[in-house]
Amino acid sequence: MITVSLIPVPLRIAALIQERNRLLEYPLERLAAIIQDIGFRCTSCARCCTRAFNGHVFLLDRDVTSVRKFDPAAIEPAPAPEFCDQNGIFYVSGYALRTRDDESGSCWFLENGKCRIYDRRFAICRIYPYMLHREPDEHGDVDWRQFSGLEQHGEYDAVISDNESLDLARETKEYENAFLTQEIQFLEFIQDYFSRHGLRHVQKVYDDQMRRFNRGDEITVMVYYDGLLEPHRIRN
(Lines give C-alpha, C1' and ligand atoms only; values in the text may rest on other atoms or scores of the structure.)
Protein backbone atom coordinates (compact mmCIF):
# COMPACT_ATOMS: atom_id res chain seq x y z
CA MET A 1 0.00 0.00 0.00
CA ILE A 2 1.40 3.40 -1.01
CA THR A 3 1.37 6.13 1.61
CA VAL A 4 2.24 9.79 1.22
CA SER A 5 2.33 12.13 4.22
CA LEU A 6 0.99 9.18 6.25
CA ILE A 7 -2.25 9.06 4.23
CA PRO A 8 -2.68 5.76 2.31
CA VAL A 9 -3.59 6.21 -1.34
CA PRO A 10 -6.90 4.28 -1.05
CA LEU A 11 -8.02 6.76 1.61
CA ARG A 12 -7.01 9.68 -0.62
CA ILE A 13 -9.02 8.20 -3.48
CA ALA A 14 -12.04 7.72 -1.21
CA ALA A 15 -11.75 11.32 0.03
CA LEU A 16 -11.62 12.66 -3.53
CA ILE A 17 -14.63 10.59 -4.56
CA GLN A 18 -16.53 11.96 -1.57
CA GLU A 19 -15.47 15.48 -2.51
CA ARG A 20 -16.65 14.93 -6.08
CA ASN A 21 -20.00 13.71 -4.80
CA ARG A 22 -20.35 16.87 -2.69
CA LEU A 23 -19.51 18.94 -5.75
CA LEU A 24 -22.15 17.24 -7.89
CA GLU A 25 -24.76 17.77 -5.16
CA TYR A 26 -23.97 21.48 -4.82
CA PRO A 27 -26.96 23.42 -6.25
CA LEU A 28 -26.11 25.17 -9.50
CA GLU A 29 -28.47 28.01 -8.62
CA ARG A 30 -26.62 28.70 -5.36
CA LEU A 31 -23.30 29.22 -7.14
CA ALA A 32 -25.01 31.32 -9.82
CA ALA A 33 -26.53 33.55 -7.12
CA ILE A 34 -23.09 34.06 -5.51
CA ILE A 35 -21.62 34.98 -8.90
CA GLN A 36 -24.39 37.54 -9.42
CA ASP A 37 -24.04 38.93 -5.91
CA ILE A 38 -20.29 39.54 -6.24
CA GLY A 39 -20.58 40.82 -9.80
CA PHE A 40 -16.97 40.22 -10.84
CA ARG A 41 -15.77 41.62 -14.15
CA CYS A 42 -12.32 41.16 -15.66
CA THR A 43 -10.42 44.41 -16.28
CA SER A 44 -7.55 42.74 -18.19
CA CYS A 45 -5.07 43.59 -15.42
CA ALA A 46 -3.33 40.24 -16.17
CA ARG A 47 -2.38 39.70 -12.52
CA CYS A 48 -3.95 36.23 -12.57
CA CYS A 49 -1.72 35.35 -15.55
CA THR A 50 1.47 35.31 -13.46
CA ARG A 51 3.24 32.77 -11.29
CA ALA A 52 3.68 35.44 -8.60
CA PHE A 53 -0.09 35.72 -8.14
CA ASN A 54 -1.35 32.23 -8.93
CA GLY A 55 1.50 29.76 -8.68
CA HIS A 56 1.16 27.25 -11.47
CA VAL A 57 -1.79 26.70 -13.83
CA PHE A 58 -2.70 23.00 -13.92
CA LEU A 59 -4.11 21.81 -17.23
CA LEU A 60 -6.75 19.17 -17.82
CA ASP A 61 -5.80 16.42 -20.25
CA ARG A 62 -8.09 17.88 -22.92
CA ASP A 63 -6.24 21.21 -22.66
CA VAL A 64 -2.89 19.46 -23.04
CA THR A 65 -4.18 17.74 -26.17
CA SER A 66 -5.28 21.11 -27.53
CA VAL A 67 -2.09 23.06 -26.82
CA ARG A 68 0.13 20.33 -28.26
CA LYS A 69 -1.46 20.98 -31.64
CA PHE A 70 -0.22 24.57 -31.86
CA ASP A 71 2.53 25.12 -29.24
CA PRO A 72 3.84 21.99 -27.48
CA ALA A 73 6.61 24.05 -25.81
CA ALA A 74 3.93 25.80 -23.71
CA ILE A 75 3.57 22.95 -21.22
CA GLU A 76 5.81 21.44 -18.57
CA PRO A 77 5.41 18.83 -15.81
CA ALA A 78 3.33 20.26 -12.98
CA PRO A 79 5.45 21.16 -9.93
CA ALA A 80 5.44 19.33 -6.59
CA PRO A 81 5.26 15.70 -7.80
CA GLU A 82 3.03 13.54 -5.64
CA PHE A 83 5.29 10.46 -5.52
CA CYS A 84 8.91 9.37 -5.77
CA ASP A 85 9.83 5.69 -6.02
CA GLN A 86 12.83 3.97 -4.46
CA ASN A 87 14.81 4.57 -7.66
CA GLY A 88 14.44 8.36 -7.44
CA ILE A 89 11.85 8.72 -10.21
CA PHE A 90 9.05 11.24 -9.60
CA TYR A 91 5.40 10.92 -10.60
CA VAL A 92 3.02 13.84 -11.12
CA SER A 93 -0.66 13.95 -12.05
CA GLY A 94 -0.43 16.19 -15.12
CA TYR A 95 1.00 19.18 -16.93
CA ALA A 96 1.09 22.88 -16.12
CA LEU A 97 1.35 25.95 -18.33
CA ARG A 98 4.93 27.11 -18.76
CA THR A 99 5.79 30.55 -17.42
CA ARG A 100 8.49 32.97 -18.51
CA ASP A 101 11.61 33.82 -16.53
CA ASP A 102 10.60 37.44 -15.94
CA GLU A 103 10.10 39.03 -12.53
CA SER A 104 6.46 37.98 -12.11
CA GLY A 105 6.65 34.67 -13.96
CA SER A 106 4.15 35.69 -16.63
CA CYS A 107 2.22 33.11 -18.60
CA TRP A 108 3.83 31.73 -21.75
CA PHE A 109 0.94 33.19 -23.77
CA LEU A 110 0.90 36.63 -22.16
CA GLU A 111 2.21 39.34 -24.49
CA ASN A 112 2.07 43.08 -23.74
CA GLY A 113 -0.46 42.36 -21.00
CA LYS A 114 -2.80 40.45 -23.34
CA CYS A 115 -3.45 36.74 -23.89
CA ARG A 116 -2.28 35.61 -27.34
CA ILE A 117 -4.74 32.69 -27.39
CA TYR A 118 -7.74 34.24 -25.64
CA ASP A 119 -10.25 32.76 -28.09
CA ARG A 120 -8.97 29.25 -27.35
CA ARG A 121 -7.82 29.66 -23.76
CA PHE A 122 -7.90 26.71 -21.41
CA ALA A 123 -10.65 25.51 -19.06
CA ILE A 124 -9.15 26.99 -15.88
CA CYS A 125 -8.55 30.31 -17.64
CA ARG A 126 -12.14 30.40 -18.88
CA ILE A 127 -13.69 30.01 -15.42
CA TYR A 128 -11.17 31.93 -13.29
CA PRO A 129 -11.69 33.40 -10.69
CA TYR A 130 -14.77 31.23 -10.14
CA MET A 131 -14.16 27.95 -8.34
CA LEU A 132 -16.11 25.44 -6.32
CA HIS A 133 -14.06 23.33 -3.98
CA ARG A 134 -13.64 23.02 -0.24
CA GLU A 135 -10.47 24.00 1.56
CA PRO A 136 -9.41 25.25 5.01
CA ASP A 137 -9.62 28.96 5.78
CA GLU A 138 -7.13 30.86 7.93
CA HIS A 139 -8.64 29.22 11.03
CA GLY A 140 -8.43 25.70 9.61
CA ASP A 141 -12.19 25.42 9.01
CA VAL A 142 -13.00 23.55 5.80
CA ASP A 143 -15.77 25.08 3.71
CA TRP A 144 -16.69 25.88 0.12
CA ARG A 145 -14.57 28.37 -1.77
CA GLN A 146 -16.32 29.99 -4.74
CA PHE A 147 -13.90 32.77 -5.69
CA SER A 148 -10.14 33.14 -5.91
CA GLY A 149 -8.26 36.35 -5.19
CA LEU A 150 -11.39 38.21 -4.12
CA GLU A 151 -10.87 41.99 -4.15
CA GLN A 152 -7.32 41.52 -5.49
CA HIS A 153 -8.03 41.96 -9.19
CA GLY A 154 -10.82 42.95 -11.57
CA GLU A 155 -13.84 45.01 -10.58
CA TYR A 156 -16.99 44.15 -8.68
CA ASP A 157 -20.71 44.99 -8.48
CA ALA A 158 -21.23 44.53 -12.22
CA VAL A 159 -24.65 43.42 -13.42
CA ILE A 160 -24.57 39.76 -14.45
CA SER A 161 -27.68 38.29 -16.05
CA ASP A 162 -29.40 35.12 -14.86
CA ASN A 163 -28.37 33.23 -17.99
CA GLU A 164 -24.74 34.34 -17.80
CA SER A 165 -24.42 33.47 -14.12
CA LEU A 166 -25.93 30.03 -14.72
CA ASP A 167 -23.55 29.41 -17.63
CA LEU A 168 -20.57 30.43 -15.48
CA ALA A 169 -21.75 28.25 -12.60
CA ARG A 170 -22.27 25.28 -14.91
CA GLU A 171 -18.84 25.63 -16.51
CA THR A 172 -17.20 25.99 -13.10
CA LYS A 173 -18.82 22.79 -11.82
CA GLU A 174 -17.81 20.97 -15.00
CA TYR A 175 -14.18 22.05 -14.59
CA GLU A 176 -13.99 21.09 -10.91
CA ASN A 177 -15.56 17.70 -11.70
CA ALA A 178 -13.05 17.09 -14.52
CA PHE A 179 -10.15 18.07 -12.25
CA LEU A 180 -11.21 15.76 -9.42
CA THR A 181 -11.86 12.92 -11.85
CA GLN A 182 -8.37 13.31 -13.33
CA GLU A 183 -6.81 13.25 -9.86
CA ILE A 184 -8.77 10.11 -8.93
CA GLN A 185 -7.72 8.37 -12.15
CA PHE A 186 -4.07 9.29 -11.51
CA LEU A 187 -4.10 7.83 -8.00
CA GLU A 188 -5.85 4.66 -9.17
CA PHE A 189 -3.30 4.30 -11.99
CA ILE A 190 -0.31 4.85 -9.67
CA GLN A 191 -1.66 2.38 -7.13
CA ASP A 192 -1.86 -0.32 -9.81
CA TYR A 193 1.41 0.70 -11.53
CA PHE A 194 3.45 0.63 -8.33
CA SER A 195 1.96 -2.73 -7.35
CA ARG A 196 2.72 -4.34 -10.74
CA HIS A 197 6.30 -3.03 -10.89
CA GLY A 198 7.30 -3.57 -7.26
CA LEU A 199 7.64 0.16 -6.59
CA ARG A 200 7.00 2.13 -3.43
CA HIS A 201 7.01 5.79 -2.45
CA VAL A 202 10.03 6.64 -0.27
CA GLN A 203 9.89 10.05 1.38
CA LYS A 204 13.63 10.18 2.11
CA VAL A 205 14.43 9.52 -1.56
CA TYR A 206 11.87 12.20 -2.48
CA ASP A 207 13.52 14.74 -0.18
CA ASP A 208 17.05 13.87 -1.35
CA GLN A 209 16.07 14.11 -5.01
CA MET A 210 14.34 17.46 -4.48
CA ARG A 211 17.49 18.81 -2.85
CA ARG A 212 19.47 17.69 -5.91
CA PHE A 213 16.89 19.31 -8.18
CA ASN A 214 17.04 22.60 -6.27
CA ARG A 215 20.84 22.56 -6.66
CA GLY A 216 20.38 22.36 -10.43
CA ASP A 217 20.73 18.61 -11.01
CA GLU A 218 18.54 16.87 -13.57
CA ILE A 219 15.71 14.59 -12.40
CA THR A 220 13.25 12.24 -14.11
CA VAL A 221 9.55 13.03 -13.83
CA MET A 222 6.84 10.73 -15.12
CA VAL A 223 3.77 12.78 -16.08
CA TYR A 224 0.32 11.18 -16.10
CA TYR A 225 -1.51 12.04 -19.30
CA ASP A 226 -4.40 10.32 -21.05
CA GLY A 227 -4.08 7.15 -18.97
CA LEU A 228 -0.32 6.73 -19.49
CA LEU A 229 2.98 8.00 -18.08
CA GLU A 230 5.22 10.29 -20.17
CA PRO A 231 8.90 10.59 -19.08
CA HIS A 232 10.66 13.96 -18.82
CA ARG A 233 14.19 14.93 -17.81
CA ILE A 234 14.08 18.37 -16.20
CA ARG A 235 16.29 20.66 -14.16
CA ASN A 236 15.50 23.70 -12.01
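Residues numbered from 1 in each chain as written. Predicted model: local features only at pLDDT ≥ 70, side-chain atom pairs only at ≥ 80, totals over all residues. Heavy atoms only, no water.

Engineer: Report on the packing of helix 1 (residues 9-25) against helix 6 (residues 162-197), specifying residues and quantitative values.
Structural biologist: Contact geometry of helix 1 with helix 6 gives a least axis separation of 10 Å together with a crossing angle of 165°. The pairing of helix 1 with helix 6 is recorded here as roughly antiparallel in orientation. When the axes of helix 1 and helix 6 are compared, the crossing they make is left-handed. Here V9, P10, R12, I13, L16, I17, E19, R20, L23 and L24 of helix 1 lie close against helix 6, whose contacting residues are K173, E176, N177, L180, T181, E183, I184, L187, E188 and Q191. (Axes fitted to C-alpha atoms, helices over the stretch in contact; angles between N-to-C directions. Helix = DSSP H or I, 4+ residues; strand = E, 2+ residues; numbered from the N terminus. Parallel < 35°, antiparallel > 145°, perpendicular 65-115°, else oblique. Left-handed = near helix turned anticlockwise from the far one by under 90°. Contact = heavy atoms within 4.5 Å.)

Engineer: How would you explain a negative patch on the surface if you had to name every residue and give the values?
Structural biologist: Residues D137, E138, D141 and D143 make up a contiguous surface patch of negative charge. Position of E138 relative to the elements: it lies in the loop between strand 9 (130-136) and strand 10 (142-147). (Patch = residues over 30% accessible without salt bridge, like charges linked within 9 Å, V, L, I, M, F, W, Y side chains within 5 Å. Areas by Shrake-Rupley, 256 points an atom, 1.4 Å probe, with all protein chains shown as cover. Salt bridge = Lys/Arg side-chain N within 4 Å of Asp/Glu carboxyl O. Lys, Arg positive; Asp, Glu negative; His and termini not counted. Charge placed at Lys NZ, Arg CZ, Asp CG, Glu CD.)

Engineer: Mind laying out the pairing of strand 11 (residues 219-225), listing which residues take part and the relevant values?
Structural biologist: Taken across its seven residues, strand 11 has seven buried, putting it largely inside the fold. When strand 5 (residues 90-92) meets strand 11, the two strands line up parallel, connected through three bridges. Paired with V92 across the two strands is V223, which belongs to strand 11. Where strand 11 meets strand 12 (residues 228-234), seven bridges bridge the pair, whose relative direction is antiparallel. Paired with Y225 across the bridge in strand 12 is L228. As consecutive antiparallel partners, strand 11 and strand 12 are separated by two residues, and within that stretch D226 has a phi angle of approximately 55°, a positive value. (Buried < 20%, exposed > 50% of the residue type's maximum accessible area, 1.4 Å probe, protein only. Pairing = 2+ DSSP bridges.)

Engineer: Before we move on, can you summarise the packing of aromatic side chains with the specific residues and values?
Structural biologist: As enumerated under the stated definition, the model contains 18 aromatic pairs in all. Aromatic side chains F83 and F186 sit 5.9 Å apart centroid to centroid with 45° between the ring planes, which places their arrangement in the tilted category. On the criterion of sequence distance, the pair formed by F83 in strand 4 (residues 83-84) and F186 in helix 6 is long-range, its members being 103 residues apart. F83 sits in the buried class, given a relative accessible area of 0%. Ring centres of F189 and Y224 lie 5.3 Å apart, and the angle between their planes is 50°; this geometry places the pair in the tilted category. Of this pair, F189 sits in helix 6 while Y224 sits in strand 11, and the two are 35 residues apart along the sequence. Its relative accessible area of 6% is what places Y224 among the buried residues. One aromatic cluster is present, built from ring pairs that chain together F83, Y91, F186, F189, Y193, F194 and Y224. Over the ring of Y225 we find R68, and its NZ or CZ is 4.8 Å from the ring centre. The cationic tip of R98 hangs over the ring face of W108; the distance from NZ or CZ to the ring centre is 5.8 Å. (Phe/Tyr/Trp six-rings, centres within 6.5 Å; stacked < 30°, edge-to-face > 60°. Lys NZ or Arg CZ within 6 Å of the ring centre and 35° of its normal.)

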